[in-house]
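Structural features, examined
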Amino acid sequence: MAIQVTDGNFDSEVLKCDLPVLVDFWAPWCGPCRAMGPIIDELAAEYTGQIKICKMNVDENSASPSKFGIRAIPTLILFKNGEVVDQTTGAVSKSSIKDMIAKKAL
Amino acid sequence: MKTYDAAVIGGGPAGITAALYLVRSGVRTVLVEKLSPGGQVLMTEDIENYPGFPKAIKGYELVDKFVEHLAAYEFDRMNDEVREMTPVDGGFRILVGAEPIVAKTVILCSGARYKRVGIPGEELYTGKGVSYCALCDGNFFKGKTVAVIGGGNSALEESLYLSRLVDKLYLIHRRDDFRGAKCYQDKCFTHPKIDVLRSTIVDEIVGDPFKGVTGVKLANVKSGEKSNLPVDGVFIFVGFEPTASFVPEALKRDKNGFVITDCEMLTNLPGFFAAGDVRSKNCRQVATAVGDGATAATAAHAYLERLHV
């Protein structure tokens, strides 16, 4: 399962993490986010130890999404050493997320 | 390589119904969906015209019911996107993610997606103020000013949804007359928060890399007059395009790319059926998708019976 992060622990869980981190910004009222949820959890299991995979509920946390200029969800942001290395908006397939991870994070 | 009697491509209402009918007829079926099931229904707030739900049902609730209905049956499901489809001896070879499978018949239910307008700034600011889903992104524009581009049912319906959240909404349409249903037109035209700009096109979406969208450049198609309109977001509903980049080249399509079928959902390729929004037709609704799916599955089943004789 992906780890739920909040504005409170975003710094320690995401920005200061030694591993690359993929964050899924989502909300319960967003259909495409619901469609992607299970895929994000599958990826979390597949990449254990290689990449940390997190979800942030933008309904409950507004500071981090606004810091990264997010105004549409689902948005996925890939972080490496606290820096944004790639970003995508809208529901995308598992293979295209794996491609993004292979190109930018591994 | 895994082989099947039937491959259903897409897990929206058409695909779910097709899979249900095929599995119940004892056909060895695989259902391929790139995300989790539901399709565009998940982007719809309330569904008020699907029989059986007189008080309307939320898009995601209907999807949950569809999925629950299918859960009782055992068959293969693949959770990735189709990259390529080629006719081969005995059926079709389908590349799902990195895994090839072969199926004797295919029912294509891959649906449609919102069309891009193709103006400067649209791609650059997608996710940064440009959106194609009011239900997903409306909340980011609470108390703000937005523009909606389009003149059909989606543009009107989504404007009404957004008007509950935003402070001001400009509905921008390139023609004088709207195509959308009269009942939505009346509500939009009299809404205190909605200003309708007719015969107007958006030339460009402008913004800044940090703040995202800051406005749109407009042109009146009759007078040629240009103007700037400051907005915080742009919602685009200018029609649909089929999700069919991966289908065999020989498959016949209409001028907009939708797949042409007969009334049994059969395409020009023997054994290849299409159902739901991806098909060339006028009425794209959950009710018609479900009907297409059942029709296609029944025709595919008959096709398989003839093969096996």
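Structure: above.
Let us look at the structure shown here. Note that this is a predicted model, so its numbers are computed, not measured.

This paragraph deals with the overall build of chain A. Scanning chain A for helices and strands turns up four helices and five strands. Taken from N to C terminus, the helices and strands of chain A fall in the order β-α-β-α-β-α-β-β-α. Expected size for 106 residues packed as a compact globule is a radius of gyration near 13 Å; at 12 Å, chain A falls within 12% of this value. Over its C-alpha atoms, taken along the principal directions, chain A stretches across nearly 30 × 25 × 20 Å.

Okay, the overall build of chain B next. A count of helical and extended segments in chain B gives six helices and 19 strands. Relative to the compact-globule value of 19 Å for 309 residues, chain B shows a C-alpha radius of gyration of 21 Å, a close match. Across its three principal axes, chain B shows a C-alpha extent of roughly 70 × 40 × 35 Å. Residues classed as buried in chain B amount to 52% of the 309 residues present. Pairs at least 24 apart in sequence give 58% of the contacts found in chain B among residues at least 6 apart. Looking at chain B, you have 37 positive and 38 negative side-chain charges, and the mean spots of the two groups are 3 Å apart.

The next subject is the nonpolar core. As a rule of thumb, soluble globular proteins bury nonpolar side chains together. Judged by nonpolar contacts, the single largest core of 60 residues is most densely connected at Phe10 of chain A together with Ile205 of chain B. Of all the elements, helix H4 (residues 153–163) of chain B adds the most residues to this core, at five residues. Every residue in contact with Phe10 of chain A, bar those within four places of it in the chain, is listed here: Val5, Leu15, Val23, Phe25, Met56, Ser64, Phe68 and Phe79 of chain A.

Attention now goes to the packing of aromatic side chains. Enumeration according to the criterion identifies twelve aromatic pairs over all chains in this entry. Considering the side-chain rings of Phe68 of chain A and Phe79 of chain A, the 5.2 Å spacing of their centres and the 75° angle between planes classify their relative orientation as edge-to-face. With a gap of eleven residues between them, Phe68 of chain A in the loop between helix H3 (63–67) and strand S4 (75–80) and Phe79 of chain A in strand S4 connect regions that are remote in the sequence. Taken individually, Phe68 of chain A and Phe79 of chain A each receive the classification buried, so the pair is uniform in this respect. Judged by centre distance (5.4 Å) and plane angle (75°), the ring pair of Phe141 of chain B and Phe235 of chain B falls under edge-to-face. Placement of the pair is Phe141 of chain B in the loop between helix H3 (134–137) and strand S11 (145–149) and Phe235 of chain B in strand S17 (residues 233–236), with a sequence separation of 94 residues. Residues Phe141 of chain B and Phe235 of chain B agree in their burial class; the two are buried. Pairwise contacts between aromatic rings join Phe10, Phe25, Phe68 and Phe79 of chain A into one cluster. Note that Arg116 of chain B overlies the ring of Tyr132 of chain B, its terminal NZ or CZ placed 4.6 Å from the centroid.

Across the boundary between the two partners, chain B contributes 26 residues, which contact 26 residues of chain A. For the pair chain B and chain A, the summed buried surface comes to about 2,100 Å²; carbon and sulfur atoms form 53% of the total. Taken as a group, Leu35, Cys136 and Phe140 of chain B account for 27% of the area that chain B buries against chain A, more than any other trio of residues on that side. Taken together, the connections running from chain B to chain A amount to two salt bridges. A salt bridge links Asp99 of chain A to Arg83 of chain B; its shortest N-O distance comes to 3.5 Å.

The next subject is the packing of helix H1 (residues 13–24) of chain B against helix H2 (residues 59–71) of chain B. Residue and element names in this part refer to chain B. Across the interface, H1 lies against H2 with an axial gap of 10 Å and an inter-helix angle of 20°. Relative to H2, the element H1 is oriented roughly parallel. Crossing hand, H1 versus H2: left-handed. For the pair H1 and H2, contact is made by Pro13, Ile16, Ala19 and Leu20 and by Phe66, His69 and Leu70, respectively. Split by residue class, the contact of H1 with H2 holds six nonpolar, one polar and no charged.

Here is what the cut-offs are and how they apply
- Residues numbered from 1 in each chain as written.
- Chains lettered and ligands numbered in written order.
- Predicted model: local features only at pLDDT ≥ 70, side-chain atom pairs only at ≥ 80, totals over all residues.
- Heavy atoms only, no water.
- Helix = DSSP H or I, 4+ residues; strand = E, 2+ residues; numbered from the N terminus.
- Rg over C-alpha atoms; globule rule 2.2 N^0.38 Å.
- Buried < 20%, exposed > 50% of the residue type's maximum accessible area, 1.4 Å probe, protein only.
- Contact = heavy atoms within 4.5 Å.
- Lys, Arg positive; Asp, Glu negative; His and termini not counted.
- Charge placed at Lys NZ, Arg CZ, Asp CG, Glu CD.
- Core = buried A, V, L, I, M, F, W, Y, C linked by side-chain atoms within 4.5 Å.
- Phe/Tyr/Trp six-rings, centres within 6.5 Å; stacked < 30°, edge-to-face > 60°.
- Lys NZ or Arg CZ within 6 Å of the ring centre and 35° of its normal.
- Buried area = accessible area lost by both parts, 1.4 Å probe.
- Salt bridge = Lys/Arg side-chain N within 4 Å of Asp/Glu carboxyl O.
- Axes fitted to C-alpha atoms, helices over the stretch in contact; angles between N-to-C directions.
- Parallel < 35°, antiparallel > 145°, perpendicular 65-115°, else oblique.
- Left-handed = near helix turned anticlockwise from the far one by under 90°.
- Nonpolar A, V, L, I, M, F, W, Y, C, P; charged D, E, K, R; others polar.

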